[in-house]
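So you can see what is in the structure, the chains are spelled out below.
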Amino acid sequence: MIHSATDALRDDISAGRLSPGQKLKVTWVRETYQISAASAREALSQLCGEGYVDAVEQRGFFVSDMTTEALLDNTRLRAELESLAFRWSVERHSPEWRAGIVSSHFLLKEAEAAMLENPSQAVRNWDDRNRAFHMSLITNAGSPALIDLIRDLYDKTRRFRIHAYLRLTETGALEQRLQRSAADHEEIAEAALALDAARGERALRAHINKPNGAS
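Residues numbered from 1 in each chain as written. Predicted model: local features only at pLDDT ≥ 70, side-chain atom pairs only at ≥ 80, totals over all residues. Heavy atoms only, no water.

1. Focus: the overall build of the chain
Here's step 1: Within the chain, the regular secondary structure consists of 10 helices and two strands.
Here's step 2: For the chain, the spread of C-alpha atoms along the three principal axes comes to 55 × 40 × 30 Å.
Here's step 3: Expressed as a percentage of the 215 residues in the chain, the buried residues total 45%.
Here's step 4: Considering only contacts within the chain whose residues lie at least 6 apart along the sequence, 72% involve residues at least 24 apart.
Here's step 5: Of the accessible surface of the chain, which amounts to about 10,700 Å², a share of 51% is contributed by carbon and sulfur atoms. (Helix = DSSP H or I, 4+ residues; strand = E, 2+ residues; numbered from the N terminus. Buried < 20%, exposed > 50% of the residue type's maximum accessible area, 1.4 Å probe, protein only. Contact = heavy atoms within 4.5 Å. Areas by Shrake-Rupley, 256 points an atom, 1.4 Å probe, with all protein chains shown as cover.)

Dropping the structure here:
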């Protein structure tokens, strides 16, 4: 029970359903995730260690915020690690790996189209499919530890990525940003299917490090 509650709380923070700086009362966590008070404290303490929650002395637990510098550092690290994992996946290529990329890319393109119709409703599904596409590129790396680290880096910035895309909606720049992102994904998928590790690494690194919203 404690593990499923911790996973649910982590997901709610990653998805932006809980805002940066929001107070997380033990009683609220206990009631929301249907666990004991002791388990609620254990879940909050675990997420403190993972960087999702801050514990402030005499004040309690809060959803962690992330400075611009920390966000950029996180993104830069993810770009380097994901590029490395992509290269390893290419080296270990298999028909199943390439088929997974084709499938996840198709689903991502559907989500990109839906974003233009109703961004506020579609953005979380888009992020799920964007995540699935990026993970499909590296799933064949042969290093569970590396894959887990990349997945964690992606998830920790999810709420900031979602907010960035919703801000683009407000400024009228969403369509242009999605077009650029879709072009990046197309190039990365082509490089993977062609087993061109160098091209794919360059495209991935540039795509993830692109300003105006993490990818």
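2. Focus on the packing of aromatic side chains
Here's step 1: Following the criterion strictly, the structure yields two aromatic pairs and no others.
Here's step 2: Note on Trp-28 and Tyr-33: the rings are 5.9 Å apart at their centroids and 85 degrees apart in plane angle, and the pair reads as edge-to-face.
Here's step 3: A residue is classified by how much of its surface remains accessible, and Trp-28, at 32% relative accessible area, is partly exposed.
Here's step 4: Sitting over the face of the ring of Tyr-154, Arg-161 holds its NZ or CZ atom 3.6 Å from the ring centroid. (Phe/Tyr/Trp six-rings, centres within 6.5 Å; stacked < 30°, edge-to-face > 60°. Lys NZ or Arg CZ within 6 Å of the ring centre and 35° of its normal.)

3. Focus on the pattern of salt bridges
Here's step 1: Considering all chains together, one arrives at 18 salt bridges under this definition.
Here's step 2: In this structure, Glu-201 and Arg-87 form a salt bridge, with 2.5 Å as the shortest nitrogen-oxygen distance. With Glu-201 in helix 10 (residues 197-208) and Arg-87 in helix 4 (residues 68-91), the pair connects residues that are 114 residues apart, well separated along the chain.
Here's step 3: With relative accessibility at 29%, the residue Arg-87 sits in the partly exposed group.
Here's step 4: The closest approach of N and O atoms between Arg-158 and Asp-127, which form a salt bridge, is 2.6 Å. With a gap of 31 residues between them, Arg-158 in helix 8 (residues 158-171) and Asp-127 in helix 6 (residues 119-138) connect regions that are remote in the sequence. Like Arg-158, the residue Asp-127 is buried in the burial classification. (Salt bridge = Lys/Arg side-chain N within 4 Å of Asp/Glu carboxyl O.)

4. Examining the pairing of strand 2 (residues 60-63)
Here's step 1: Here strand 1 (residues 53-56) pairs with strand 2 via four bridges, running antiparallel. The residue bridging Val-56 from the neighbouring strand is Gly-60, located in strand 2.
Here's step 2: Here strand 1 hands over to strand 2 after three residues, with Gln-58 in that stretch at a positive phi of 70 degrees. (Pairing = 2+ DSSP bridges.)

5. Quick word on the side chain of Asn-130
Here's step 1: Its place among the elements puts Asn-130 in helix 6.
Here's step 2: At 2.9 Å, the side chain of Asn-130 forms a polar contact with the side chain of Tyr-154.
Here's step 3: In this structure Asn-130 touches Leu-108, Tyr-154, His-185 and Ser-215, once residues within four positions along its chain are discounted. (Polar contact = N/O pair within 3.5 Å; in protein donor to acceptor, adjacent residues only side chain to side chain.)

6. So, the packing of helix 6 against helix 9 (residues 174-193)
Here's step 1: Relative to each other, helix 6 and helix 9 sit at 20 degrees, their axes nearing to 12 Å. Put simply, helix 6 runs roughly parallel to helix 9. Crossing hand, helix 6 versus helix 9: left-handed. Residues Pro-119, Trp-126, Asn-130, Phe-133, His-134 and Leu-137 of helix 6 form the contact with helix 9, whose own contacting residues are Leu-174, Leu-178, His-185, Ile-188, Ala-189 and Ala-192.
Here's step 2: For the contact of helix 6 with helix 9, the per-class residue count stands at nine nonpolar, three polar and no charged. (Axes fitted to C-alpha atoms, helices over the stretch in contact; angles between N-to-C directions. Parallel < 35°, antiparallel > 145°, perpendicular 65-115°, else oblique. Left-handed = near helix turned anticlockwise from the far one by under 90°. Nonpolar A, V, L, I, M, F, W, Y, C, P; charged D, E, K, R; others polar.)

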